[in-house]
Amino acid sequence: MAHSNGAAATATAAGDGETAPVPRSLAPARKVALITGITGQDGSYLTELLLSKGYEVHGLIRRSSNFNTQRLDHIYHDPHAVPSSPRPPMRLHYADLSDSSSLRRALDAISPDEVYNLAAQSHVAVSFEIPDYTADRGHALPPALPYAAAKVAAHWYTVNYREAYGIFACNGVLFNHESPRRGENFVTRKITRAVGRIKVGLQTKVFLGNLSAARDWGFAGDYVEAMWLMLQQDQPADYVVATEESHTVEEFLQAAFGYAGLNWKDHVVIDKKYFRPAEVDSLKGDSTKARRVLKWKPKVGFQQLVEMMVDHDIELAKKEKVLVEAGYRDPKQQP
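Please read these numbers as outputs of a predicted model, since none were measured by experiment.

Q: Can you walk me through the pattern of salt bridges in this structure?
A: Side chains bearing opposite charge may pair, as long as their charged atoms lie close to each other. Counted according to the given criterion, the structure contains 13 salt bridges. In this structure, Glu178 and Arg182 form a salt bridge, with 2.8 Å as the shortest nitrogen-oxygen distance. For the pair Glu178 and Arg182, one class covers both residues: buried. A salt bridge links Arg189 to Asp313; the nearest nitrogen and oxygen atoms lie 2.8 Å apart. Of this pair, Arg189 sits in helix H6 (residues 187–199) while Asp313 sits in helix H10 (residues 302–325); the two residues are 124 residues apart in sequence, bridging distant segments of the chain. For Asp313, a relative accessible area of 0% corresponds to the buried category. Residues joined by salt bridges that share partners form a network here, namely Glu184, Arg189, Arg193, Arg197, Asp313, Glu320 and Arg329.

Set out below in structure tokens:
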């Protein structure tokens, strides 16, 4: 994450995928933020936060034949649908982190005051299958996971550029953060999706791996506030963002199934294929610095987070069941 030391000179008035610059004087007097990974869980929550603070928000998306903007659908406004309604100051641009020329064009056109670099292949298990893509570099580092190795490299690149060139750049070391917008292949969301489907009769079993793994789980909406606070400080620095509480996958199961009035032991099957080649048994963060300097602390606790996700996924399963009963979806098709 970084912000520019000088006033930005241009703004974009282009539509989706375009990067035509216009004089900033013609745009509203507001801060301009650029988010990579805007279509992800964190990107969508950060977009909401920045818009609520009066920012003009630009996001980079990769060109694809399939739309992947569902986490932003509630924000995006089609001017053709309600012409008289003002569009939120959010624009999407095509670019790819592996294509430096596209990044340079976007930066030149948008001229952001703040940049939030959230784009990544962020699934740990998948990182074992595509390690080169996850890291996008050609040398090894000590961490046991390809995902962790990529994070270490990015961390020290940021520190190096900050110290060598005086760039206001911060590293946010964010421990696991979840929400109803979490990808369905992450264990927390996999569990709550299963709870919803089991509750309405669409599913009976969920297959999982190591139930003893412990993680420091927080709410993504809280964590993006910490990102923003980092860039509001007088000096750049690195911060750990965490709840400082650790819970096992089994505890998450107990909380999620119990909240829905179910016994997780009746529905969980252990499948060895979900065990990782290298596993970190327990993770718990120390966010003392973030709490002291940023005055940040998590607002959503573990149980509240679980209940939020279960409530969302029960409602989602009810809608899914309507499609199944109408014959539009195969009942055996699981997320």
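Q: Help me out: how do you make sense of the packing of helix H8 (residues 249–259) against H10 in this one?
A: Running from amino to carboxyl end, H8 crosses H10 at an angle of 55 degrees, the nearest separation of the two axes being 9 Å. On the basis of the axis angle, H8 is oblique to H10. Note on packing geometry: the crossing formed by H8 with H10 is right-handed. Contacts from Glu251, Phe252, Ala255, Ala256 and Tyr259 of H8 reach H10 at Phe302, Gln303, Val306, Glu307, Met309, Val310 and Asp311.

Q: Sorry, what's going on with the pairing of strand S7 (residues 114–117) here?
A: For a regular strand, the rule is simple: side chains alternate between the two faces of the sheet. Along S7, the buried face is formed by Glu114 and Tyr116; none of Val115 and Asn117, which line the opposite face, is buried. Bridge count for strand S4 (residues 32–36) against S7 is four bridges, and the pairing is parallel. When the bridges of S7 are listed, Ala33 appears paired with Glu114.

Q: Sorry, what's going on with the packing of aromatic side chains here?
A: In this description, a pair of aromatic rings is defined by centroid distance and the angle of the planes. Enumeration over the complete set of coordinates arrives at six aromatic pairs. With 5.3 Å between their ring centres and 65 degrees between their planes, Trp217 and Phe252 make a pair best called edge-to-face. Of this pair, Trp217 sits in the loop between strand S11 (214–215) and strand S12 (218–219) while Phe252 sits in helix H8, and the two are 35 residues apart along the sequence. Plain terms: the ring middles of Tyr223 and Trp296 are 5.6 Å apart, the flat faces sit at 90 degrees to each other, and that makes the pair edge-to-face. Here the residue Tyr223 occupies a position in helix H7 (residues 220–230), and Trp296 occupies one in the loop between helix H9 (288–293) and H10, the gap between them amounting to 73 residues.

Q: Would you mind showing me how to read the confidence of the model for the protein chain here?
A: If pLDDT is low for a region, its predicted coordinates should not be looked at in detail. For the protein chain, mean pLDDT is 85; residues scoring 70 or higher make up 81% of the total. Segment residues 122–128 is flagged for pLDDT under 50; beyond a separation of four residues in sequence, or across chains, it makes 19 contacts in the model.

Q: How should I be thinking about H6 in this particular structure?
A: One turn of the α-helix equals 3.6 residues, which is why residues spaced by three or four share an orientation. Here H6 contains 13 residues, and its C-alpha end-to-end distance of 18 Å stays within 8% of the 18 Å for a straight helix at 1.5 Å per residue. When you tally the buried positions in H6, you get 10 out of 13 residues, the bulk of the element. Inspection of H6 places Thr188, Arg189, Ile191, Thr192, Arg193, Ala194, Val195, Gly196, Arg197 and Ile198 among the buried residues, and these make up the whole buried set. Residues of H6 that are buried sit in contact with strand S9 (177–178), strand S10 (206–208), H8 and H10. Just beyond H6, the residue with positive phi is Gly201, at close to 90 degrees.

What counts and how
- Residues numbered from 1 in each chain as written.
- Predicted model: local features only at pLDDT ≥ 70, side-chain atom pairs only at ≥ 80, totals over all residues.
- Heavy atoms only, no water.
- Salt bridge = Lys/Arg side-chain N within 4 Å of Asp/Glu carboxyl O.
- Buried < 20%, exposed > 50% of the residue type's maximum accessible area, 1.4 Å probe, protein only.
- Helix = DSSP H or I, 4+ residues; strand = E, 2+ residues; numbered from the N terminus.
- Axes fitted to C-alpha atoms, helices over the stretch in contact; angles between N-to-C directions.
- Parallel < 35°, antiparallel > 145°, perpendicular 65-115°, else oblique.
- Left-handed = near helix turned anticlockwise from the far one by under 90°.
- Contact = heavy atoms within 4.5 Å.
- Pairing = 2+ DSSP bridges.
- Phe/Tyr/Trp six-rings, centres within 6.5 Å; stacked < 30°, edge-to-face > 60°.
- pLDDT = per-residue confidence, 0-100.
- Expected span 1.5 Å × (residues − 1).

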